[in-house]
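Structural features, examined
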Number of protein chains: 2
Amino acid sequence: MAQSRVTIKEVAAAAGVSTTTVSHVLNDVPGKRISSDTRARVFAAADRLGYAPNALARSLRTQRSNTIAIVGDEIATTPFAGKIILGAQDVALRRDSVVFVVNTGYRRDVEAREIEELLRRQIDGVLYASMYHREVELPPALSGLPTVVVNASCTDERVPWVTPEEVAGGADAAAVLLDAGHRRLAFINDVDPVPAAIGRERGFLRAIEDFGPGQVDVTVLTAESGPEGGYHAGLQVLGGEGRPTGVFCFNDRMAMGVYRAAYELGLRIPTDVSIVGFDNQDFIADGIAPSLTTIELPHYEMGAWAADRLFDLIAANAPEGAAPHTRLRGPVIHRNSVAPPSQASSPGGWHQPADRRGNA
Amino acid sequence: MAQSRVTIKEVAAAAGVSTTTVSHVLNDVPGKRISSDTRARVFAAADRLGYAPNALARSLRTQRSNTIAIVGDEIATTPFAGKIILGAQDVALRRDSVVFVVNTGYRRDVEAREIEELLRRQIDGVLYASMYHREVELPPALSGLPTVVVNASCTDERVPWVTPEEVAGGADAAAVLLDAGHRRLAFINDVDPVPAAIGRERGFLRAIEDFGPGQVDVTVLTAESGPEGGYHAGLQVLGGEGRPTGVFCFNDRMAMGVYRAAYELGLRIPTDVSIVGFDNQDFIADGIAPSLTTIELPHYEMGAWAADRLFDLIAANAPEGAAPHTRLRGPVIHRNSVAPPSQASSPGGWHQPADRRGNA
């Protein structure tokens, strides 16, 4: 059939215009100022000759559009989205493909419109990305389309997904503090029982248990997952008797708040108290002083893994029986907020509040 | 012509398949498992009857695709990009349109591929967005397409653009400090002579000049535009004789570094030194203690302004003679890093370094 296809030259000749004009009209290249009369002549000639426009002809040949999309719930408002996009884009470029990104803002109506416009334009597949680790249900419009879920699990078991390895992350945080010699630990966790909170706590406590029964005192408390929550939890956990010498925070933003609490309590970091964060948000972890030891979330790697998997699905050469669900472990980023517990931090000296200063 | 158009039902009847199947084949909806035999029958029937596929028919009727694109140089890696996207998206939704985002990573080859894929798919126009205020040259592929430049000026005078009003921002920062009673000021500026650095310095110095000749002592110094640069400049400017009581920083990240320097020098914020930032980066300005008074960059508003302008261009109803270039002024966000200069901050008391502590 491809051989008998009408060419763009024949349409141009029939319409009395250049092939460029035919291409602009039939591909509806926006902004080209072509008169409606010319447009009508081109369409009439294309209709008469049975000419199928380029995109259609191309897709008939290749069945590929070399374009994938990232459909993200909050792609525009979190610092993590960018890394997922970069990971996916680097893989896509190696596959000679480009990435279109749309932002749903958690609105199902917006998402449906965006997916409709994407599908209308031939995309090869979708990375369905969540900005926090949760379980998602795919919108019906994506059924049948190659799709991989990023940073979330999926209600549909057949859909591949990738999340961070939260349990290992929690265990890594515990190991950083235990290895430095700390035996009185606290975990300031997110008050929302999201998978990240559950997983990190499980890993943290399991590592302490594995370290040896009765070896470590550990306190777990919860707070809102921002600097304010971290600040209040920090005052609570560091301002009482038998305070911990090592504190693991659910995320870097909470750790910022704990820094402020420590400062106001006259406690030095890391001399009096060591802090470990989670996320490795550059602006925070590298910007605060002392710089924050933290566990990196593997957003770039999740984006890349998911894109690789998606191109496998598109090519329909996914290895038989391969496990479609993966958890990726982020590295520990060692900075300057962890040190061995000092003698000076023994009970008695700690609860003397320093004069409060404005900066922390 | 529209009336005589062959319908999808006629194609379905001729091919012996459902209209849904015809739609899936002709729109090349990916992932629908339709045999190549069925595909061939549908294409043959569509060819024979001279049927033009939906997207083409639709664009013929409306000449619109209800989709705009944001082509961004670093849309995936800065915290500002998200706000431009949200501003544009909110306007687009009101116009019943969706937004596709692509990230060029400053690579002209990637940009060309992305724009090619966008143009191939009928978009109504492009927001060409820069992640820092500079002058951009539009890629040739966008010529003729409605385009508005966001957060940058453009070498082509005919192209509308919107940037922050940097001069007013610098003047606002000076006013915050002058209004609080400060008369010894410093500006720690970006060492790169970007438009933001030039504009903010001009506004800052002009406001001081307007305040009255000889009324204010002012020092301008430059550093790398991150926390490290701010830290070293902070040590320099706050660690000498006749130190300023009010410091304006080129951005919030530099202000973070100045906080650390102040802390290490034993200076309290805002009692001993007041600090004003620029950008209003949430994670920083709201997270550090005391929270940072800063000038907001109007990214959301620039995205919204540019999208409004773009839809005007697309509708070709841009008001005659309207100025196509706009600078938007961001608000001052008053927080807790500015107070009147204290008596205690008079020369003599300031240069006594406190014992250095780890946290700032």
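These numbers come from a predicted model, not from an experiment. (Residues numbered from 1 in each chain as written. Chains lettered and ligands numbered in written order. Predicted model: local features only at pLDDT ≥ 70, side-chain atom pairs only at ≥ 80, totals over all residues.)

**Examining the pairing of strand β2 (residues 98-103) of chain A**
Residue and element names in this part refer to chain A. β2 sits mainly inside the fold: 6 of its 6 residues count as buried. Neither face of β2 is left uncovered, since the one carrying V98, F100 and V102 and the one carrying V99, V101 and N103 both have all their residues buried. Inspection of the sheet shows strand β1 (residues 67-72) paired to β2 by 6 bridges, in the parallel sense. Looking at the pairing, I68 lines up with V99 of β2. Following the backbone out of β1, through helix α5 (residues 81-94) and into the adjacent parallel β2, one traces a crossover that is right-handed. (Buried ≥ 20, exposed ≤ 12 C-beta atoms within 10 Å, placed from the backbone. Helix = DSSP H or I, 4+ residues; strand = E, 2+ residues; numbered from the N terminus. Pairing = 2+ DSSP bridges. Right-handed = clockwise from strand over helix to strand, strands pointing away.)

**Regarding the pairing of strand β3 (residues 125-136) of chain B**
All names here are of chain B. In this sheet, β3 lies alongside strand β1 (residues 67-72) in parallel orientation, the contact comprising 5 bridges. By the bridge assignment, G72 is partnered in β3 with A129. Looking at chain direction, β3 and strand β4 (residues 147-154) are connected through 7 bridges and run parallel. The partner of A129 across the bridge, within β4, is V150.

**Some remarks on the sheet that holds strand β6 (residues 184-190) of chain B**
All names here are of chain B. Ordered by their spatial adjacency, 6 strands build an open sheet running β7-β6-β8-β9-β10-β12, and the pairing between neighbours is mixed. Two strands lie at the open edges of the sheet, namely β7 (217-223) and β12 (332-333), each paired on one side alone. Strand direction decides the pairing type here: β6 and β7, joined by 7 bridges, are parallel. Within β7, the residue paired with L185 across the bridge is V218. Contacting β6, β8 (246-249), β9 (274-279), β10 (293-296) and β12, helix α7 (residues 166-179) runs over the sheet at an angle of about 160° to β9. Across the face of the sheet, helix α8 (residues 195-211) comes into contact with β6, β7, β8 and β9 while running at roughly 170° to β6. (Contact = placed C-beta atoms within 7 Å. Axes fitted to C-alpha atoms, helices over the stretch in contact; angles between N-to-C directions.)

**A few points about unusual backbone geometry**
Residue and element names in this part refer to chain B. In the segment running from I269 into P270, the intervening peptide bond is cis, with an omega of 5°. Considering the arrangement of structural elements, one finds P270 in the loop between α10 (252-264) and β9. Geometrically, the link from A289 to P290 is a cis peptide bond, its omega value of -5° lying close to zero. Examined against the element boundaries, P290 turns out to sit in the loop between α11 (282-285) and β10.

**Quick look at helix α3 (residues 36-49) of chain B**
Residue and element names in this part refer to chain B. Over its 14 residues, α3 runs 20 Å from end to end, which matches the ideal 20 Å to within 8%, given 1.5 Å per residue. Considered for burial, the residues of α3 that qualify are R39, V42, F43, A45 and A46. Around the axis of α3, the buried residues are gathered within 160° of arc, so they sit on the same side. Opposite its buried face, α3 presents the exposed residues S36 and D37, each directed more than 90 degrees away. G50 occupies a position one or two residues after α3 and carries a positive phi of about 70°. (Expected span 1.5 Å × (residues − 1). Arc of directions from axis to C-beta.)

**Observations concerning the environment of A:S291**
Residues and elements named next belong to chain A. If you trace the backbone, S291 turns up in the loop between α11 (282-285) and β10 (293-296). For the pair S291 and V338, spaced 47 residues apart in the sequence, the C-alpha separation amounts to 9.7 Å. When near neighbours in sequence (up to four residues on either side) are disregarded, S291 contacts A285, D286, R335, N336 and S337.

**Details of the environment of B:V98**
With respect to the element layout, B:V98 can be found in strand β2 (residues 98-103). Sequence-wise, B:V98 and B:V136 are 38 residues apart; in three dimensions their C-alpha atoms are separated by 25 Å. Leaving out residues up to four positions away in the same chain, B:V98 has contacts with A:V102, A:R113, A:E114, A:E117, B:N66, B:T67 and B:A92.

**Observations regarding the sheet that holds strand β7 (residues 217-223) of chain A**
All names here are of chain A. Pairing is mixed across the open sheet formed by 6 strands, whose spatial order is β7-β6-β8-β9-β10-β12. Two strands close off the open sheet at either side, each with one partner strand: β7 and β12 (332-333). Sitting on the sheet, helix α7 (residues 166-179) is in contact with β6 (184-190), β8 (246-249), β9 (274-279), β10 and β12, with an inclination near 160° to β9. Here helix α10 (residues 252-264) sits on the sheet in contact with β6, β7, β8, β9 and β10, set at roughly 155° to β9.

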